[in-house]
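The lines below spell out each chain.
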There are 4 protein chains.
Amino acid sequence: MSDYRLVAKDYKEAPTVISVGDELIGSDELCIIAGPCAVESESQIYEIAKQISEAGIKFLRGGAYKPRTSPYAFQGLKLDGLKLLKEVSKEFGLKVVTEVLDTSLLEEVYPYADVLQVGSRNMKNYQFLKELGKVDKPVLLKRGMSATIDEWLLAAEYIMLGGNENIILCERGIRTFDDSVRNTFDVTAIPLVKELSHLPIIADPSQGTGKRSLVKPMSLASIAAGADGLMLEVHHHPEEALSDGFQSIYIHQLKELLPQIKKQAALMNRTVNLKHQAPQIV
Amino acid sequence: MSDYRLVAKDYKEAPTVISVGDELIGSDELCIIAGPCAVESESQIYEIAKQISEAGIKFLRGGAYKPRTSPYAFQGLKLDGLKLLKEVSKEFGLKVVTEVLDTSLLEEVYPYADVLQVGSRNMKNYQFLKELGKVDKPVLLKRGMSATIDEWLLAAEYIMLGGNENIILCERGIRTFDDSVRNTFDVTAIPLVKELSHLPIIADPSQGTGKRSLVKPMSLASIAAGADGLMLEVHHHPEEALSDGFQSIYIHQLKELLPQIKKQAALMNRTVNLKHQAPQIV
Amino acid sequence: MSDYRLVAKDYKEAPTVISVGDELIGSDELCIIAGPCAVESESQIYEIAKQISEAGIKFLRGGAYKPRTSPYAFQGLKLDGLKLLKEVSKEFGLKVVTEVLDTSLLEEVYPYADVLQVGSRNMKNYQFLKELGKVDKPVLLKRGMSATIDEWLLAAEYIMLGGNENIILCERGIRTFDDSVRNTFDVTAIPLVKELSHLPIIADPSQGTGKRSLVKPMSLASIAAGADGLMLEVHHHPEEALSDGFQSIYIHQLKELLPQIKKQAALMNRTVNLKHQAPQIV
Amino acid sequence: MSDYRLVAKDYKEAPTVISVGDELIGSDELCIIAGPCAVESESQIYEIAKQISEAGIKFLRGGAYKPRTSPYAFQGLKLDGLKLLKEVSKEFGLKVVTEVLDTSLLEEVYPYADVLQVGSRNMKNYQFLKELGKVDKPVLLKRGMSATIDEWLLAAEYIMLGGNENIILCERGIRTFDDSVRNTFDVTAIPLVKELSHLPIIADPSQGTGKRSLVKPMSLASIAAGADGLMLEVHHHPEEALSDGFQSIYIHQLKELLPQIKKQAALMNRTVNLKHQAPQIV
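Residues numbered from 1 in each chain as written. Chains lettered and ligands numbered in written order. Predicted model: local features only at pLDDT ≥ 70, side-chain atom pairs only at ≥ 80, totals over all residues. Heavy atoms only, no water.

Q: Any chance you could break down the overall build of chain A for me, citing the residues and the numbers?
A: Assigned secondary structure in chain A consists of 9 helices and 12 strands. Since a compact globule built from 282 residues should have a radius of gyration of about 19 Å, the 17 Å found for chain A is in line with a globular shape. Once the C-alpha set of chain A is aligned to its principal axes, its extents read approximately 50 × 45 × 40 Å. By residue count, 68% of the 282 residues in chain A fall in the buried class. Counted over contacts in chain A with a minimum sequence separation of 6, partners at least 24 positions apart contribute 70%. When the accessible surface of chain A is split by element, carbon and sulfur atoms take 49% of a total near 9,200 Å². (Helix = DSSP H or I, 4+ residues; strand = E, 2+ residues; numbered from the N terminus. Rg over C-alpha atoms; globule rule 2.2 N^0.38 Å. Buried < 20%, exposed > 50% of the residue type's maximum accessible area, 1.4 Å probe, protein only. Contact = heavy atoms within 4.5 Å. Areas by Shrake-Rupley, 256 points an atom, 1.4 Å probe, with all protein chains shown as cover.)

Printed below as a string of structure tokens:
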């Protein structure tokens, strides 16, 4: 019925495990990607990177180019933001996950990113997906806000057909009639994708719910549903963030959440890929 | 901003715990409601009630009056179904949760039910909700398939304003563009309702996902998100069920799931309200 | 594929024309139903009935029982409202279209209504639809706000299977992600229903758009799409209306709109069923 | 409240009229853009261009680069398709409207197009919109399938802020729960956009409904609602089309539709911009 082939479980039974340098995504170890919505300044990204690194995080997220609904909203620090990401990632030994907006920016972003993120708004930019198929770095493919599971897997198929098998899917909420929260976070997509595809899938409960207080329960729910990891928006001063502060958790909340994530992972017979299994916080 | 008052956390901070005879819903003990979509025959409901009872279940679900999209589909055994529910519930010591379609059937269903279920299609039948406010039995209020959280809580407000404070909310999936599964199961509604209201909320992953294989992961996810219990469609021969067989789990699957539910509950510092903590199945 | 039979064009090729006393709905003459959202007082309904009657309107709408999202909102004048509707309809020779909330109110509303309206929230109250199948008055069946065309026609099938063939469908907008206006008015449903069914279909651009300024263009668009009539919310003082004033047009706007409706109808080779073809306003 | 400025009616009261060579879009004359979904072969585009030209059409649509959900579906003839469009447009004196998929293809498509089309899937590709702001050709901006009116106008704002004021909006249906037809064609968006913005807006009932038989009624409804023109998928052999044949009308249907469009336009005090006011077909 559906037209995807290479990404299907029929094509390859074993789960795909993706190498990001010496780190793995899709293995029994859950990956936790954390950081601010956007890189805002040197001090901001330095402080956040330092603190999440101390908490054990190995993957740093942060947007340098931001797709914003309004042209008058903060658009990101662009190349300067990319350079800052590179600097702090070196300083603290972090892998960088950052968004590429389209084909025209791929060359610029490439050297600064360990994982190239495709945002929700670009999931159906097929010309761009074809280009990503030729790239030798992993792609984190967010679900389009109005994409069916089938369309999402076909978007991954575009990339894989081009030759790049290193695709991480990321559920981030869909657009529905319900305006109680920012998006309707489709947790069910996680076990459903696991049935249909061999690709790893992680969850973004920050974007998925759009509300700080919901990040903790929905992180645990995502892991209970089978997610291979989480992407979390974290900020040292969310109330001053230039974008999406209301859905970013405080760093102390991240520190409190990690031990709970470990316990939830243990229930699923999995571990969490953190820098140090800091015994004092368990 | 919103217009609900009595159901709000502002009105009453402590969680509402509801008594169903000598059983509680909304306490630290999770309630598990299980049974077929519809009562189909004496042997069917007897067999299912017997087996789920042996598995430890204390609450039996089963529709006697079924709201069906097509008038040509099986409409339920009606009064005969209610009588069968009563019989087997006595035989096996189960509490009966069954749907009342509207005001005109309230008197008929009342003596046979321990919990009166309001289905998704009737959540906005305000005349009916007013009547339920006068009833001295607990109401299980399913979320309308296109109801916002605000509308859902206002529906509960109708009942509570009438004088009936014994309301259990039940998330069962909403209607969205995504046709990958039957409904989009809004797990986030669980912690969100917990923030806004003192009423207990349970989850129906059978209806919520519409797919047997997804019931297990989404049961665990619901509890991880903070649900006070689960409603599960269970059938001894789901492939022969007269309605919704594809989303009903087998009895052996229920038996396998219960120990996992217990572990997930334990992680949330909760227990599960089962007849016997049957050590052999843990 | 679909399960409706009696309402299908396959079952009966010729369009169904419904008699409301000596008036017809579904013929080449478009019907225009106008009036306030709710009956609010004797003077209000008298004034509106008088003025719309002078404008040529033959069908008066007005809710006596109002389904409201909040229990604290105005719920309608109930029996008093019904009596007022009857009075003014006699005085001005108008047919009354008014909502019945559910089975329990059917007996009460029956004597006061010429057309029994089923609201959007009750389209899937199948117990109620079965009761309406036994009634000898026409039913105006509004589309559920999250009902597919198939579900809508199956709701009509419930009524027709009970023996009542006098069903008028009414498109009133569906619930989608788009919050630009109150509902997404599905004009395409009109020609689609015309392809599938022999039942007449009218359009409610007041509820469909939720915005006064959009009522005129969407009235014309509905007729251009093939609608058999319109339901329009009209108020003499919309800014003081107890419900939905923002989507009610002023009486002078109705008077300006009618000649345009006539011209649009003429383009479709149809006329408009008005009391007098008042030459001065054309 | 909203953040758009340059596209707002507040900024510029008079409707924007756009020149495409010596043709205007947004004036009192409606523009009709017709042609196949995709350019498929020399003979196909030649035949269609010839016949629609004879019918009076001045704007030819046709995709050379096609955004397809599946990578295994026909992706368009690409540069060869663009060349064919140019050839037939010269031969028959037609303006070419064709889609540009993203920034990387802008330079290639530019010389072959009179109007650059942005597809629904790319409406939120802000990097691309910024590039289009620097271009000296008109842009036809289709509404994103899950875009609110506000987001759509902000997308236009991106282009206008870059310096390109020649933007034509095109309603093409949104994604909702309703699967009765391909999309939910939001006709109400037309008068709503007219209230909010000075930009011209046309309607695409082919994509909007996804069903050939609905193109005629929804074309008339769109004009009745105030559209400044139509985009119609037309094919000489729709049953053999490589994409979207089921929603393409036959050429003889276009010829029958044009006189009705003229009459509908006349009712709105508008005319239709056609090559010759071919008296024999009126």
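Q: Please set out unusual backbone geometry residue by residue, giving values where relevant.
A: Negative phi is the rule for most residues except glycine; trans is the rule for most peptide bonds. Unusually for a residue other than glycine, Lys-78 of chain A sits at a positive phi of about 60°. The residue Lys-78 of chain A is located in the loop between strand E4 (59-61) and helix H2 (79-92) in this model. Positive phi values are uncommon outside glycine, yet Asp-244 of chain D reaches one of about 60°. Take Asp-244 of chain D: it is sitting in the loop between strand E10 (229-235) and strand E11 (249-250). A relative accessible area of 13% places Asp-244 of chain D in the buried class.

Q: Summarise a negative patch on the surface; cite the residues concerned and give the values.
A: Together, Asp-179 of chain A, Asp-150 of chain B, Asp-179 of chain C together with Asp-150 of chain D line one region of the surface with negative charge. If you trace the backbone, Asp-179 of chain C turns up in the loop between strand E8 (167-171) and helix H6 (189-196). Given the relative accessible area of 63%, Asp-179 of chain C is considered exposed. (Patch = residues over 30% accessible without salt bridge, like charges linked within 9 Å, V, L, I, M, F, W, Y side chains within 5 Å. Salt bridge = Lys/Arg side-chain N within 4 Å of Asp/Glu carboxyl O. Lys, Arg positive; Asp, Glu negative; His and termini not counted. Charge placed at Lys NZ, Arg CZ, Asp CG, Glu CD.)

Q: Explain the side chain of Lys-142 of chain D residue by residue, including any values.
A: All names here are of chain D. Within the secondary structure, Lys-142 sits in strand E7 (residues 139-142). A polar side-chain atom of Lys-142 sits 2.5 Å from a polar atom in the side chain of Asp-204. Those residues in contact with Lys-142, other than ones at most four positions away along the chain, are Arg-61, Gln-117, Val-118, Gly-119, Ser-120, Met-123, Trp-152, Cys-170, Arg-172, Asp-204, Gln-207 and Met-231. (Polar contact = N/O pair within 3.5 Å; in protein donor to acceptor, adjacent residues only side chain to side chain.)

Q: Which residues make up the relation of the copies chain A and chain B, and what values go with them?
A: Here chain A sits on chain B after a turn of 180° about the axis and a move of 0.0 Å along it, with an RMSD of 0.0 Å. Taken together, the turn and the small shift mark the pair as related by a two-fold rotation axis. Distance from the rotation axis, computed per C-alpha, reaches its smallest value in chain A at Ala-221 of chain A: 2.0 Å. (Least-squares fit on C-alpha atoms with pLDDT ≥ 70 in both.)

Q: Outline the pairing of strand E5 (residues 95-99) of chain B, listing residues and values.
A: Residue and element names in this part refer to chain B. In terms of residue burial, E5 counts as a mostly covered element, since 5 of its 5 residues are buried. Neither face of E5 is exposed, since Lys-95, Val-97 and Glu-99 on one face and Val-96 and Thr-98 on the opposite face are all buried. Judged from the 3 bridges that link them, strand E4 (residues 59-61) and E5 form a sheet pairing that is parallel. The residue bridging Leu-60 from the neighbouring strand is Val-96, located in E5. Handedness of the E4-helix H2 (residues 79-92)-E5 crossover: right-handed. Sheet topology places E5 next to strand E6 (residues 115-118); 3 bridges connect them, and they run parallel. Bridging across to E6, Glu-99 finds its partner in Gln-117. (Pairing = 2+ DSSP bridges. Right-handed = clockwise from strand over helix to strand, strands pointing away.)

Q: Describe the interface of chain A and chain B, naming the residues involved and giving the relevant values.
A: The interface is formed by 35 residues belonging to chain A together with 35 residues belonging to chain B. Taken over both partners, the interface formed by chain A and chain B buries close to 2,600 Å², and the fraction arising from carbon and sulfur atoms is 69%. Taken as a group, Phe-177, Thr-188 and Leu-267 of chain A account for 22% of the area that chain A buries against chain B, more than any other trio of residues on that side. Counting across the chain A and chain B interface gives 4 salt bridges. Put simply, Glu-195 of chain B and Lys-211 of chain A hold a salt bridge, and the shortest N to O gap is 2.6 Å. Where chain A meets chain B, there are 9 residue pairs in polar contact (both at pLDDT 80 or more). The dominant element in the side of chain A that touches chain B, judged by the number of residues it contributes, is helix H8 (residues 212-224) of chain A, at 7 residues. (Buried area = accessible area lost by both parts, 1.4 Å probe.)

Q: Outline the environment of His-198 of chain B, supporting the account with residue identities and numerical values.
A: All names here are of chain B. Looking at where His-198 falls in the secondary structure, it is placed in the loop between helix H6 (189-196) and strand E9 (201-203). By relative accessible area, which is 3% here, His-198 ends up buried. On a C-alpha basis, the gap between His-198 and Asp-178 in space is 31 Å, while along the polypeptide they are 20 residues apart. Apart from the residues within four sequence positions on either side, His-198 is in contact with Leu-6, Val-7, Ala-8, Lys-9, Tyr-11, Lys-12, Ala-14, Pro-15, Thr-16 and Met-160. Side-chain polar atoms of His-198 contact the backbone oxygen of Leu-6, separated by 2.7 Å.

Q: Tell me about the confidence of the model for chain A, and name the residues and values.
A: If pLDDT is low for a region, its predicted coordinates should not be looked at in detail. The share of residues in chain A with pLDDT of 70 or more is 98%, and the mean pLDDT across the chain is 96. Scored by ipTM, the complex comes to 0.96, with pTM at 0.96. (pLDDT = per-residue confidence, 0-100.)

Q: Summarise the pattern of salt bridges; cite the residues concerned and give the values.
A: One pass over the full model with this rule turns up 64 salt bridges over all chains. Arg-143 of chain C serves as the salt-bridge partner of Asp-178 of chain D, at 2.8 Å between the closest nitrogen and oxygen. On the criterion of chain membership, the pair formed by Asp-178 of chain D in the loop between strand E8 (167-171) and helix H6 (189-196) and Arg-143 of chain C in the loop between strand E7 (139-142) and helix H5 (149-161) is interchain, its members lying in two chains. Among the residues examined, Asp-178 of chain D registers a relative accessible area of 5% and is labelled buried. A relative accessible area of 0% means that Arg-143 of chain C is categorised as buried. Between Glu-131 of chain D and Lys-134 of chain D there is a salt bridge, with its nearest N and O atoms 3.1 Å apart. Here the salt bridges do not stand alone but share partners, grouping Arg-143, Glu-171 and Asp-186 of chain A together with Asp-178 of chain B into one network.

Q: Got a sec to walk through the environment of Ser-219 of chain B? Specific residues and values, please.
A: Residue and element names in this part refer to chain B. With respect to the helices and strands, the residue Ser-219 is situated in helix H8 (residues 212-224). Excluding residues within four positions of it along the chain, Ser-219 makes contact with Pro-205, Leu-230, Leu-232 and Leu-257. A distance of 2.7 Å separates the side chain of Ser-219 from the backbone oxygen of Val-215, its partner in a polar contact.

Q: An account of the side chain of Thr-16 of chain B is needed here, citing residue identities and associated values.
A: Residue and element names in this part refer to chain B. Positionally, Thr-16 belongs in the segment before strand E1 (18-20). Judged by relative accessible area, which is 9%, Thr-16 ranks as buried. Of the polar contacts made by the side chain of Thr-16, one reaches the side chain of Lys-12; its length is 2.6 Å. A polar side-chain atom of Thr-16 sits 2.7 Å from a polar atom in the side chain of His-198. In this structure Thr-16 touches Ile-25, Gly-26, Glu-165, His-198, Leu-199 and Pro-200, once residues within four positions along its chain are discounted.

Q: I'd like a rundown of the packing of H6 of chain C against helix H8 (residues 212-224) of chain D, residues and numbers included.
A: If you want to describe how two helices pack, look at the angle between their axes and the distance between the axes. Contact pair H6 of chain C / H8 of chain D: the axes reach a minimum separation of 9 Å and the direction vectors enclose 135°. Judged by the angle between their axes, H6 of chain C and H8 of chain D are oblique. H6 of chain C and H8 of chain D meet at a crossing whose hand is right-handed. Here H6 of chain C contributes Pro-191, Leu-192 and Glu-195 of chain C to the contact with H8 of chain D, which in turn contributes Ser-213, Leu-214, Pro-217 and Met-218 of chain D. A per-class count over the contact of H6 of chain C with H8 of chain D returns 5 nonpolar, 1 polar and 1 charged. (Axes fitted to C-alpha atoms, helices over the stretch in contact; angles between N-to-C directions. Parallel < 35°, antiparallel > 145°, perpendicular 65-115°, else oblique. Left-handed = near helix turned anticlockwise from the far one by under 90°. Nonpolar A, V, L, I, M, F, W, Y, C, P; charged D, E, K, R; others polar.)

Q: Requested: an account of the environment of Leu-6 of chain C, with residues and values cited.
A: Here Leu-6 of chain C lies in the segment before strand E1 (18-20). Placed 154 residues apart in sequence, Leu-6 of chain C and Met-160 of chain C show a C-alpha to C-alpha distance of 6.9 Å.

Q: Now, about the pairing of E7 of chain D: what can you tell me, with residues and values included?
A: Residue and element names in this part refer to chain D. Burial along E7 is two-sided: Val-139 and Leu-141 and Leu-140 and Lys-142, pointing in opposite directions, are all buried. Where strand E6 (residues 115-118) lies against E7, 3 bridges are found, and the strand directions are parallel. When the bridges of E7 are listed, Gln-117 appears paired with Leu-140. Handedness of the crossover joining E6 and E7 through helix H4 (residues 126-132) is recorded here as right-handed. Inspection of the sheet shows E7 paired to E8 by 4 bridges, in the parallel sense. Looking at the pairing, Val-139 lines up with Ile-167 of E8.

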